[in-house]
Amino acid sequence: MMDSQGTTGLILNEPLLWQRGGKGRSGYCLPAQDVPVRQLDAALCGDGPDFPDLCEVEMVRHFTRLSTWNFGVDTGMYPLGSCTMKYNPKTNERQSGLPGFCGAHPLLPAGLSQGLLQMMSELERYLAEITGMDAVSLQPAAGAHGELTGMMVIYAQLAARGERRTKIIIPDTAHGTNPASAALCGFRPVPVASNADGILDAEAIAAVMDEETAGIMVTNPNTLGLFEENIQSIAEIVHDKGGLVYCDGANMNAVMGIVDMAAIGIDVLHLNLHKTFSTPHGGGGPGAGPICVTRALEPFLPVPRVVRTDAGYALSEDFPRSVGKLSAFHGQVGVLIRAYSYILSMGPQGLKKSSQLAVLNANYIREKLKDVFHLPYDRPCMHECVFSDKYQAEHHVATLDMAKRLMDYGFHPPTIYFPLVVSGAIMVEPTESESKEDIDGFIAAMRAIAEEAKTDPEALHDAPVNTKVRRLDETGAARKPCLTG
Ligand SMILES: *Cc1c(COP(=O)(O)O)cnc(C)c1O
């Protein structure tokens, strides 16, 4: 193995809290009692809960040790394709923790929530400007929730025209949540294959688009990390038949402030604030998936919406054609504040620059590794690049083996076996956060693994060796989770 700057050794083992401490130990001291003792009714409370007896330092060490089992963007490079695991500046976390925001109750009257409502209104405006769209709803609580909301908006607009279309076109490079969201909204997904360059051909869309079809759901940049260059002519084909174009914009990190989505024919777009706009999302939530729409679709956006009245900002449900309510109260406010703070601290030039750097970093990795890893689509990519294990398969080394070995070098593995259109896919998204030295370290580790695949393939089947646990039975771990240490 090559030496690396990653984490090796010092694996802290940790039992359950019940296996620590000792009877009667405690982390606090209450003042002596000055009222008579009354026993609680035993029939009501039984023996009481079985809490472990621990002192403060045992507690602190327990949770601190457990936290060292974690790997996050703050620990090291986390090039998980399609997930945009970029660094989330701590100032954004601080702003969302400001007492004025944290202490605000969602039922406060608008007159006492002016700051919050103004923040939401301005965030809508910024997101519209960054994407080139006209109107925004901050209500959806995740990317897939945004997709569902967008589909509902499309459904509502068709219904307002007296139409009930049943199908939706979904390319093979779309994210897996797309067909699920469309189906949840009652549309039948019609799959379309991308061409040899990994993008959609206008002819392929023309062949399936008809008046029964509500439109297309396209991920752009797509899940191969490629920009859909024919999107404008595809949008024309869809629009000519009365359909609408939905864009999954979870990959916005590649094109912030660079692509005018309305100008290329997009009608509805969702963003993942927890990917692109500075909310940490390693643990699965909370998130926010605002949707951005054209003027024509604005009347159908969910309620409540932030409006401006003579008395200031207010939340209004007075939109008769709205698809209705999708979240409680104001949506995921903490996530919205982080995004607002991030956008303000980056500024228009900063956002654009970070997208450019994200794209540059991905292309740098692609160029530096393509002689040792098979590149199914050998052309400039956007913010992520997709390799396969074709060369290593000759030595009976699979993508999984190499992903596991990367952990020994201190890197979180990239996304593997996705997108499905590439067999044995290794999808690398470095993001703009990584320094040249860290990216070079990743490239060196990947090259060392490619070499090991040739010289000592058997060893790779045993990777990882420097981690707390080795190869897990992943199916078993999911089906029969063991939650003890
Ligand atoms: C992450 C992602 C989604 C889903 O977002 P969630 O917030 O996890 O629901 C949808 N599309 C693409 C392209 C994504 O990368």
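Residues numbered from 1 in each chain as written. Predicted model: local features only at pLDDT ≥ 70, side-chain atom pairs only at ≥ 80, totals over all residues. Heavy atoms only, no water.

The immediate surroundings of the ligand are formed by 13 residues, with Gly143, Ala144, Asp248, His274 and Lys275 found nearest. Between the ligand and Gly143, the relevant distance is 2.8 Å, taken from an oxygen atom to a main-chain nitrogen or oxygen of the residue. Here an oxygen atom of the ligand and a side-chain polar atom of Lys275 are 2.7 Å apart. For the ligand, whose unbound accessible area comes to 380 Å², protein coverage reaches 85%. Elements that contribute at least two residues to the shell around the ligand include exactly helix H6 (143-160) and helix H10 (273-276). (Near = heavy atom within 4 Å. Polar contact = N/O pair within 3.5 Å; in protein donor to acceptor, adjacent residues only side chain to side chain. Areas by Shrake-Rupley, 256 points an atom, 1.4 Å probe, with all protein chains shown as cover. Helix = DSSP H or I, 4+ residues; strand = E, 2+ residues; numbered from the N terminus.)

In this section: the domain arrangement of the chain. Assigned domains of the chain: these are domain 1 (90-345) and domain 2 (348-467). Between domain 1 and domain 2, the C-alpha centre-to-centre distance is 30 Å. Tallying the contact residues gives 27 residues for domain 1 and 21 residues for domain 2. Where domain 1 abuts domain 2, roughly 1,900 Å² becomes buried across the two surfaces, and 62% of that area is made up of carbon and sulfur atoms. Contact with domain 2 buries surface across domain 1, with Thr223, Leu224 and Asn253 losing the most and accounting together for 28% of the total. (Domains from an automatic or database assignment. Contact = heavy atoms within 4.5 Å. Buried area = accessible area lost by both parts, 1.4 Å probe.)

Turning our eyes to something else, we now look at H6. Look at H6: 26 Å from first C-alpha to last across 18 residues, which is about the 26 Å you get at 1.5 Å a residue. Of the residues flanking the end of H6, it is Gly162, one or two places downstream, whose phi is positive at about 80 degrees. (Expected span 1.5 Å × (residues − 1).)

A cis geometry characterises the amide bond from Asn220 onward to Pro221, with omega recorded as -5 degrees. When you line up the elements, Pro221 lands in the loop between strand E4 (213-219) and helix H9 (231-240). Looking along the chain, the bond that leaves Val303 and enters Pro304 is cis, with omega of 0 degrees. Looking at the element boundaries, Pro304 is found in the loop between strand E7 (291-293) and strand E8 (305-309). Phi is positive for Thr84, close to 50 degrees, though the residue is something other than glycine. Phi at Phe329 takes a positive value of approximately 50 degrees, unusual for a residue other than glycine. Structurally, Phe329 can be placed in the loop between strand E9 (312-316) and helix H11 (333-369).

Let us look at the packing of helix H5 (residues 114-131) against H11. Helix packing for two helices is described by the angle between their axes and how far apart those axes are. Their axes nearest at 10 Å, the elements H5 and H11 cross at an angle of 45 degrees. Taken together, H5 and H11 sit at an angle that is classed as oblique. Taken as a pair, H5 and H11 cross one another with a handedness that is left-handed. The residues of H11 that touch H5, namely those facing Leu116, Met119, Met120, Glu122, Leu123, Tyr126, Leu127 and Ile130, are Val333, Leu336, Ile337, Ala339, Tyr340, Ile343, Leu344 and Leu351. Partitioning the contact of H5 with H11 into residue classes produces 15 nonpolar, no polar and one charged. (Axes fitted to C-alpha atoms, helices over the stretch in contact; angles between N-to-C directions. Parallel < 35°, antiparallel > 145°, perpendicular 65-115°, else oblique. Left-handed = near helix turned anticlockwise from the far one by under 90°. Nonpolar A, V, L, I, M, F, W, Y, C, P; charged D, E, K, R; others polar.)

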